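For reference, the chains in residue letters:
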Amino acid sequence: MTPNIHYEKREIVGERLELAKGPIYWLGPDLTVRDSTVIISAAGRSLVPMSGQFINCTIQAKGQLTGLPWAPMKLTGCRFKGRFTGNDFGFREDVDERWKAGGVEDCDFTEAQLNGCRFFNCDMTTIRLPRWPCFTFLDARRHAAELARCEWPGSFDSVIRTVCDPPQGTVASVWHAPTIAKKSETTVEELRAALETAPGIFM
């Protein structure tokens, strides 16, 4: 049987918390991790956020952390390092009650590689985003008409259609140019040239 490890109804301060491969980790309910280093080697499917908060923590993905919805957790003043794919940050009102409890503010992603990661219901001016080769669509729904008129290389227009019709509450989505260019059958150089002419892009 796969072991279950529960971090619930407790406060962890100033520790090194390692989430290794193997177990399933239940984060919460009522978990507070403060001023700590969180090393994640576990797969995204092995992490189950219930409710709680990470405050002034360094959160490092040792491998590629994929498909983790952080929505139930409040992330405040945290620094992210490593590779994150398909992670969602910030609370959501369109899923279930548990996903309304979280949030993200004053966090630093400049040392992280993000691809297909979305931010929900947060003030992006408090978020430090990674620079190129990562790039961010800010408030893409508002720019949808202009983005649709742009000339996109390869099959990147399919990404644009997804970006411009996001779930409720989406305020930004971040992509990694080498990864998405390969999937879109184009080059990093062609993609950058197109992005430089598009509205609402941070890179």
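From a predicted model like this one, the values you see are computed outputs, not experimental measurements.

Definitions and cut-offs
Residues numbered from 1 in each chain as written. Predicted model: local features only at pLDDT ≥ 70, side-chain atom pairs only at ≥ 80, totals over all residues. Heavy atoms only, no water. Helix = DSSP H or I, 4+ residues; strand = E, 2+ residues; numbered from the N terminus. Rg over C-alpha atoms; globule rule 2.2 N^0.38 Å. Buried < 20%, exposed > 50% of the residue type's maximum accessible area, 1.4 Å probe, protein only. Contact = heavy atoms within 4.5 Å. Areas by Shrake-Rupley, 256 points an atom, 1.4 Å probe, with all protein chains shown as cover. Lys, Arg positive; Asp, Glu negative; His and termini not counted. Charge placed at Lys NZ, Arg CZ, Asp CG, Glu CD. Pairing = 2+ DSSP bridges. Axes fitted to C-alpha atoms, helices over the stretch in contact; angles between N-to-C directions.

**Student:** What am I meant to see in the overall build of the protein chain here?
**Tutor:** Each helix and strand in the protein chain was counted, giving four helices and 18 strands. Its C-alpha atoms give the protein chain a radius of gyration of 17 Å, within 12% of the compact-globule value 17 Å for 203 residues. Its C-alpha atoms give the protein chain principal-axis dimensions of about 50 × 30 × 30 Å. Across the 203 residues in the protein chain, those meeting the buried criterion constitute 47%. Restricting to contacts in the protein chain with at least 6 residues of sequence separation, those with at least 24 account for 45%. Counting only carbon and sulfur atoms, one obtains 46% of the accessible surface of the protein chain, whose full area is about 9,900 Å². Looking at the protein chain, you have 24 positive and 25 negative side-chain charges, and the mean spots of the two groups are 4 Å apart.

**Student:** Even after reading the chapter, I still don't get the sheet that holds strand E17 (residues 170–176), so can you show me in this structure?
**Tutor:** Picture the strands of a sheet paired through backbone hydrogen bonds; they go either parallel or antiparallel. Pairing within the open sheet is mixed, and its five strands lie in the order E12-E15-E17-E16-E18. Each of the sheet's edge strands pairs with one partner strand only, and the pair in question is strand E12 (88–89) and strand E18 (201–202). Taken together, the five bridges between strand E16 (residues 134–138) and E17 define a ladder with antiparallel strand orientation. Of the residues in E17, the one forming a bridge with Cys134 is His176.

**Student:** It is not clear to me how the sheet that holds strand E14 (residues 108–115) should be interpreted in this structure. Could you clarify?
**Tutor:** The strand order across the open sheet built from five strands is E3-E6-E9-E11-E14, with neighbouring strands paired in parallel fashion. Each end of this open sheet is capped by a strand with a single partner; those strands are strand E3 (16–19) and E14. Taken pair by pair, the neighbouring strands of this sheet meet at an average axis angle of 10 degrees, ignoring direction. When strand E9 (residues 58–66) meets strand E11 (residues 79–85), the two strands line up parallel, connected through six bridges. In the strand pairing of E11, Thr58 is matched with Arg79.

**Student:** Which parts of the structure should I look at to understand unusual backbone geometry?
**Tutor:** Trans peptide bonds make up the majority, and among non-glycine residues the majority have a negative phi. Omega for the bond connecting Gly28 with Pro29 falls within 30 degrees of zero, at 5 degrees, which places this linkage in the cis form. Assignment of secondary structure puts Pro29 in the loop between strand E4 (24–27) and strand E5 (31–34). In this model, Trp132 is joined to Pro133 through a cis peptide bond whose omega is 20 degrees. Relative to the helices and strands, Pro133 is located in the loop between strand E15 (117–120) and E16. The phi dihedral of Asp35 falls on the positive side, at around 50 degrees, and the residue is not glycine.

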